[in-house]
Structure formats: structure tokens, C-alpha cells
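Residue-level structural notes
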Amino acid sequence: ISIIFDDKNNSKKGSYFENIVNNIFSQQRYDIDGNINITGQEFDLVCTHKDRNNEKILIECKAKESLPSADLNLFNFKVSDNGFSHGIFIYNKNFEHQVKGTIDKWNEDNRYKNLSFWNGKKVIELLVESKMKFLDNFEETFDYRASYDNLPDGFERQANIDEFYGYIRDYF
């Protein structure tokens, strides 16, 4: 997933990506608090399930070009140190190099079974399945590949939402 703003403001990209993820989890019956600062730690999204007692998830959203493996270590610390039942780390690109190696290692170790790692492809899968509708600023902020103004020939501005999401899914 590429998120493009004219001013190249990484904070705006991150906030927009967090908003997309927030909408996905809101549809799955979570109460969500965003951008929480506690004792020198910042949490992107804290999700508490409305029906399942004691299910509290920390979600870390990263919308940037490269990802250092130190971000994963900090995420693991935040989840365990603050007693979250689960942690989901969501990155807008594919996991590569050292980060991918760390995730592969952790996926084989039961000590990290409460951690999940999702890439942009997983987020698009969830968007397609949810048939989520976006606000007007979707056209202005999402990459041209997912913009109504840049749909391939044969699509209308009021295109069927299934066709539009199908286009996004097939493109990636």
C-alpha cells in the first residue's frame, strides 16, 4: 500500500494508515483508542473487544518506506510490558531482510504466539472483504492505483464497489 501526500508528510501518512486500520477493527466490534501516551510509551491503537472479556490488543501501524528491526523489538516490549492479550504489527509494505528474519524466528517460538505481523497485502485483503467505504479524502490521499480518477478504462466514477475493490486486489 502506498500512501501519497503532496507535502511528503510522514506523520500524515501514518495517521491516514492508522485511520484505515481503525476502521477495519471498528467493524469487528472493537472499541478503539488511538495515539495514547503512557509512561513515555506511545501506542498507535488500543483495541478492546466489545464482547470478549479481557481481549485487549495493541496495534502498531507503520506507513514508511523502510522498517528497522528495532521497531519489532520495541513493539514486543510494549505488548508484554503492558499486559496486552495480543499485539498486531501492521506495515504498509512487505517485510524484508532483518525484519522478515525476526518475524520468521518469532513465528516459530511459542513465547511470541500473541504477536501477529500483517503487511500491506493483508490490509488490502481486509479492505476487500469488508467492502469498506472511505471518506472524500480517500481520493486525495491514497495512491493513484486506488483512486477513482485513475481507474482503468471501462470503469465509471460511480463504479460498482466490488469492481473497484477487485481492481485493487488484482493490482497488488
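Everything numeric in this text was worked out from a predicted model, so none of it was measured.

Remarks on the pairing of strand E1 (residues 30-38)
Bridging between E1 and strand E2 (residues 41-49) involves eight bridges; their strand directions are antiparallel. Within E2, the residue paired with asparagine 37 across the bridge is glutamate 42. The antiparallel pairing of E1 with E2 creates a hairpin that spans two residues between the two strands, and threonine 39 there sits at a positive phi of about 45 degrees.

Examining the pairing of strand E3 (residues 56-62)
Regular strands place side chains that alternate from one sheet face to the opposite one. The buried count for E3 comes to six of seven residues, which makes it a mostly enclosed element. Here E2 pairs with E3 via four bridges, running antiparallel. Across the sheet, the residue bridging to valine 46 is leucine 58, located in E3. Between E2 and E3, which pair antiparallel in sequence order, lie six residues; one of them, asparagine 54, sits at a positive phi of approximately 65 degrees. Taken together, the six bridges between E3 and strand E4 (residues 86-91) define a ladder with parallel strand orientation.

Here we look at the sheet that holds E2
The strands making up a sheet are joined through hydrogen bonds of the backbone, oriented either antiparallel or parallel. Read from one edge of the open sheet, five strands run E1-E2-E3-E4-E5, paired in mixed fashion. Unpaired on one side and paired on the other, E1 and strand E5 (115-118) mark the two borders of the sheet. Here the average twist between neighbouring strands, direction ignored, is 25 degrees.

The rules behind each value
- Residues numbered from 1 in each chain as written.
- Predicted model: local features only at pLDDT ≥ 70, side-chain atom pairs only at ≥ 80, totals over all residues.
- Heavy atoms only, no water.
- Pairing = 2+ DSSP bridges.
- Helix = DSSP H or I, 4+ residues; strand = E, 2+ residues; numbered from the N terminus.
- Buried < 20%, exposed > 50% of the residue type's maximum accessible area, 1.4 Å probe, protein only.
- Axes fitted to C-alpha atoms, helices over the stretch in contact; angles between N-to-C directions.

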